[in-house]
Amino acid sequence: MAYDLTILEKGCKELGITLDEIQKKQFTDFYEYLVEKNKVMNLTGITEFQEVLIKHFLDSLACVKAVDMSRIKRIMDIGTGAGFPGVPLKIAFPHLEACLLDSLKKRVNFLEETFQMLKLENITAIHGRAEEYAKNKQYRETYDLCVSRAVSNLATLSEYCLPYVKTGGYFISYKSGTVQEEVEQAQKAVKILGGKIKDVVYFQLPDSEIQRSLVVIEKIKATPGRYPRKAGTPLKEPLS
């Protein structure tokens with residue numbers, strides 16, 4: 001089937017991303033597989049092609065507004081769901097070594113099948129909780145960048161994500177609308193976890209009225225060993 005990729009190409013151009021024919025095909029193949037699998041399992045509420053281009057693919061790629069991806073080698077995506085932002089970032093930047101974590105085994109299976117189908121290398125999906133993998137030496141403080149489109153509040157997300165980031169690296173949280181109040185409430189938690197809120201980048205998704213924001217947190221020192229706290233605690237009792 002021939003797809004109209006104008007919005008994706010235009011959006012990528014605005015972001016300074018150039019896609020070759022292989023990458024464009026990977027995006028359309030990913031879309032087809034996502035929609036096909038979505039019929040039997042709940043992956044996304046957004047299935048119309050142009051909407052997926054804007055709300056999933058271009059939204060995922062927007063973190064280039066906040067970080068130079070050519071300087072990033074290893075990336076961790078926490079609470080990746082159907083693979084956002086991890087899969088679009090890996091397609092657009094094949095040099096990345098990516099790890100995508102999700103708490104639902106069915107989604108991890110879907111992602112593993114997706115990687116194989118798209119012939120993506122140096123990308124893995126792991127099943128489990130962010131709090132548990134963050135205690136594992138193989139994962140802790142080994143990533144240049146941690147990203148998350150998960151919906152938890154920023155203090156909770158920072159406790160999930162900052163332990164994965166090496167000193168000098170970044171955690172980028174994708175948020176909707178204005179997040180000033182949430183950012184202020186998370187300041188203390190971020191500091192405790194070894195981070196510093198560096199910037200909030202506001203942007204509008206192409207061909208839409210949707211306002212989005214990226215909270216950019218720099219890792220300035222190691223996260224104390226006691227964090228993250230045991231599974232469930234960061235959500236129930238966010239650091240404040």
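Scroll up to find the structure.
Just so you know, these numbers come straight off a predicted model, no measurement behind them.

Between helix α1 (residues 6–15) and helix α3 (residues 49–61), the least distance of the axes is 10 Å, while the angle of their chain directions is 20°. Here α1 lies roughly parallel to α3, going by the angle between them. Our pair here, α1 against α3, has a crossing hand that is right-handed. When α1 is examined against α3, the residues Ile7, Leu8, Gly11, Cys12 and Leu15 are found in contact with a partner set consisting of Gln50, Leu53, Ile54, Phe57, Leu58 and Leu61. Classifying every residue of the contact of α1 with α3 gives nine nonpolar, two polar and no charged.

We now examine the pattern of salt bridges. Applying the stated criterion to the full structure yields 15 salt bridges. Of the charged contacts in the structure, one is a salt bridge between Glu21 and Lys24, with a shortest N-O distance of 3.2 Å. Of the two residues, Glu21 and Lys24 both sit in helix α2 (residues 21–38), three residues apart, roughly one turn of that helix. Lys25 serves as the salt-bridge partner of Asp29, at 2.8 Å between the closest nitrogen and oxygen.

In this description, an aromatic ring pair is defined by two values, namely the gap between the centres and the angle between the planes. Summed over all chains, the structure comprises nine aromatic pairs. Arranged with centres 5.0 Å apart and planes meeting at 45°, the rings of Phe27 and Phe57 form a pair that is tilted. In this pair, Phe27 sits in helix α2 while Phe57 sits in helix α3, placing the two residues 30 residues apart along the sequence. Per residue, the accessibility class of Phe27 equals that of Phe57, and both read buried. By the ring-pair criterion, three or more aromatic residues cluster together here, those being Phe27, Phe30, Phe57 and Phe84. Positioned over the ring face of Tyr143 is Arg74, at 4.4 Å from the centre of the ring.

Moving on: the sheet that holds strand β6 (residues 195–204). An order of β3-β2-β1-β4-β5-β7-β6 is seen for the seven strands of this open sheet, with the pairing classed as mixed. Every interior strand has two partners, whereas the edge strands, β3 (123–127) and β6, have only one. Along the sheet, successive strands turn relative to each other by an average axial angle of 20°, direction set aside. By the bridge criterion, three bridges tie strand β1 (residues 74–78) to strand β4 (residues 143–148) in an arrangement that is parallel. By the bridge assignment, Met76 is partnered in β4 with Cys146.

Each value, and the rule that gives it
Residues numbered from 1 in each chain as written. Predicted model: local features only at pLDDT ≥ 70, side-chain atom pairs only at ≥ 80, totals over all residues. Heavy atoms only, no water. Axes fitted to C-alpha atoms, helices over the stretch in contact; angles between N-to-C directions. Helix = DSSP H or I, 4+ residues; strand = E, 2+ residues; numbered from the N terminus. Parallel < 35°, antiparallel > 145°, perpendicular 65-115°, else oblique. Left-handed = near helix turned anticlockwise from the far one by under 90°. Contact = heavy atoms within 4.5 Å. Nonpolar A, V, L, I, M, F, W, Y, C, P; charged D, E, K, R; others polar. Salt bridge = Lys/Arg side-chain N within 4 Å of Asp/Glu carboxyl O. Phe/Tyr/Trp six-rings, centres within 6.5 Å; stacked < 30°, edge-to-face > 60°. Buried < 20%, exposed > 50% of the residue type's maximum accessible area, 1.4 Å probe, protein only. Lys NZ or Arg CZ within 6 Å of the ring centre and 35° of its normal. Pairing = 2+ DSSP bridges.

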